[in-house]
Amino acid sequence: IMSWWDVALLNKVSGYSQNTPNLLDLSQGGSNFTLSRISLLNSPHFHVKIDSYNGFTAWGVKLLTPSLAYSVANYACASLPSTTVAATAPNTCYTPDTTKNTDGIDPGGSNNVTIAYSYISVGDDNVAVTASNKGGGCTSGDNGYCASTNTKIAHNWFYYGHGMSVGSGTAGGVSGLQVWDLAIDGEGSSNGAGLRIKSYAGSGGSVSASYTKVCLQNEKQPIWIDPYYSSSSSTTLIPNFHDISLRWIHVVSEAGAKYAGGTISLNGHSAANPLSRLTLDNVYFDTAPSWGAPSKAPSG
């Protein structure tokens with residue numbers, strides 16, 4: 001019997017249709033929901049998906065996927081899942097690099113969100129703040145989409161995953177995002193990211209955010225601002241990244257780490273929509289990083 005992760009893997013590598021359930025799905029206009037001192041393990045898709053909420057708190061939460069029930073110590077699988085393995089030998093040893101779309105907490109078009117004192121190691125976005133949903137009594141944002149406002153991410157620990165993300169859908173606008181006192185250990189994941197803002201034409205909008213007192217280590221992409229996350233020829237919903245502040249950020253070179261300084265990318269979409277008012281204050285790399293191009297580099 002094929003697992004949900006096998007289905008997700010086949011979808012990812014072969015373009016098949018995927019209909020995989022979230023572990024906890026909160027949507028369309030709820031309010032004042034609290035998760036406290038709860039552990040969520042081995043979600044088939046997103047662990048916690050929140051749309052159009054006014055008031056959500058996760059406090060002292062632990063999210064882990066995959067657990068060692070599906071792997072071995074240090075995730076050292078003898079052979080990683082492939083299209084053939086997923087189709088013929090399901091439930092093969094999985095790693096954080098081969099579980100797909102197992103995001104931790106994704107607040108979408110929501111207001112007054114707090115995520116604090118939590119541990120998240122999920123293989124995909126540890127947290128992803130988006131603004132791409134409509135309706136459900138949300139705060140009206142740009143372009144007819146729900147806005148994401150007043151999100152606070154404080155005193156957390158992230159491990160395997162795609163980091164503290166914004167996007168990729170930001171059409172309603174993301175503002176009032178504050179991240180502070182965050183520790184991220186990328187664990188040497190080949191898909192790892194730290195602080196990441198991602199969007200693309202046809203799905204973009206206004207994004208502003210502040211990051212303060214963040215420590216990262218063994219992270220492939222410690223800082224990544226990318227308005228070309230996907231290829232698109234759209235001339236509407238253009239990413240507009242502005243008023244981004246990075247203060248007291250330290251990228252540590254851990255002894256024996258696979259990635260030291262890692263690779264960073266700081267990009268605006270175009271001359272009409274540049275990356276504007278970017279503040280770098282005490283951003284320190286123990287080892288100098290390399291510079292990377294956007295995920296889907298623009299042509300011309």
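Everything that follows concerns the structure shown earlier in this document.
Structural notes, computed from the coordinates. Within each chain, residue numbers correspond to sequence positions counted from 1 in written order. Totals for whole chains, interfaces and linings use all residues, but because this is a predicted model, local features are given only for residues with pLDDT of at least 70 and pairs of side-chain atoms are given and counted only at 80 or more. The basis for every side-chain value is the complete set of non-hydrogen atoms in the structure, without hydrogens or water.

### A word on the layout of surface pockets
The definitions used throughout rest on a 1 Å grid laid over the protein atoms alone, on which a cavity is an enclosed set of points accommodating a 1.4 Å probe that cannot get out and a pocket is an open set flanked by protein within 12 Å on both sides along at least five of seven lines; lining residues are those having an atom within 4 Å of a point. Grid points are joined across faces, edges and corners, and a volume is the space filled by probe spheres set on the points. What the largest pocket holds in volume is close to 770 Å³. What lines the largest pocket is a set of 35 residues, among which Lys12, His162, Arg196, Lys198 and Tyr229 lie closest to the centre. Strands are runs of DSSP state E lasting at least two residues, helices are runs of H or I lasting at least four, and both sets are numbered from the N terminus onward. Secondary-structure elements contributing two or more residues to the lining of the largest pocket are β14 (193-198) and β16 (221-226). All residues other than Ala, Val, Leu, Ile, Met, Phe, Trp, Tyr, Cys, Pro, Asp, Glu, Lys and Arg, Gly among them, are scored as polar; the first ten of these are nonpolar and the last four charged. Classifying every residue of the lining of the largest pocket by side-chain character gives six nonpolar, 17 polar and twelve charged.

### Focus: the pattern of salt bridges
For salt bridges, the criterion is a side-chain nitrogen of Lys or Arg within 4 Å of an Asp or Glu carboxyl oxygen. Overall, the coordinates contain five salt bridges when judged by the stated rule. Taking the shortest distance from any N to any O, the salt bridge between Asp125 and Arg196 comes out at 2.8 Å. Within this pair, whereas Asp125 is found in the loop between β9 (119-121) and β10 (127-129), its partner Arg196 is found in strand β14, the two being separated by 71 residues in sequence. Residues Asp125 and Arg196 agree in their burial class; the two are buried. We note a salt bridge from Asp243 to Arg277, for which the minimum N-O separation is 2.9 Å. Of this pair, Asp243 sits in strand β17 (residues 240-252) while Arg277 is found in strand β19 (residues 276-285), placing the two residues 34 residues apart along the sequence. Taken together, the shared-partner salt bridges in this structure form one network comprising Asp125, Arg196 and Lys198. The buried label applies to any residue whose accessible area, calculated with a 1.4 Å probe on protein chains only, is under 20% of its type's maximum; exposed applies above 50%, and partly exposed to all values in between.

### Notes on empty space enclosed by the protein
Taken as a whole and judged by the stated rule, the model has one cavity of 30 Å³ or more. Estimates place the volume of the largest cavity at around 30 Å³. Surrounding the largest cavity, Leu195, Arg196, Ile197, Tyr211, Ile223, Ile225 and Leu246 form its lining. Taken together, the elements giving at least two residues each to the lining of the largest cavity come down to β14 and β16. Ranked by residue count, the leading element in the lining of the largest cavity is β14, at three residues. Class assignment for the residues of the lining of the largest cavity results in six nonpolar, no polar and one charged.

### Considerations on unusual backbone geometry
At the junction of Thr65 and Pro66, the peptide bond is cis and its omega measures out at -10° in the coordinates. Topologically, Pro66 is positioned in the loop between β6 (62-64) and α2 (83-88). Ser168 follows Gly167 through a cis peptide bond whose omega is 15°. Its place among the elements puts Ser168 in the loop between β12 (164-166) and β13 (174-185). Positive phi outside glycine occurs at Asn101, with the angle close to 60°. With respect to the element layout, Asn101 can be found in the loop between α2 and β7 (105-108). Positive phi values are uncommon outside glycine, yet His155 reaches one of about 60°. In this fold, His155 is placed in strand β11 (residues 148-158).

### A few points about the nonpolar core
Note on terminology: a nonpolar core comprises buried Ala, Val, Leu, Ile, Met, Phe, Trp, Tyr and Cys residues joined through side-chain atoms within 4.5 Å. Formed by 44 residues in total, the largest nonpolar core has its most connected members in Phe56, Ile105, Val127, Met164, Leu177, Leu195 and Tyr211. Ignoring any residue separated from it by four or fewer positions in sequence, one finds Tyr211 in contact with Met164, Val166, Leu177, Val179, Leu195, Ile197, Ile244, Ser245, Leu246, Arg247 and Ile249. We call two residues in contact when some of their heavy atoms are within 4.5 Å.

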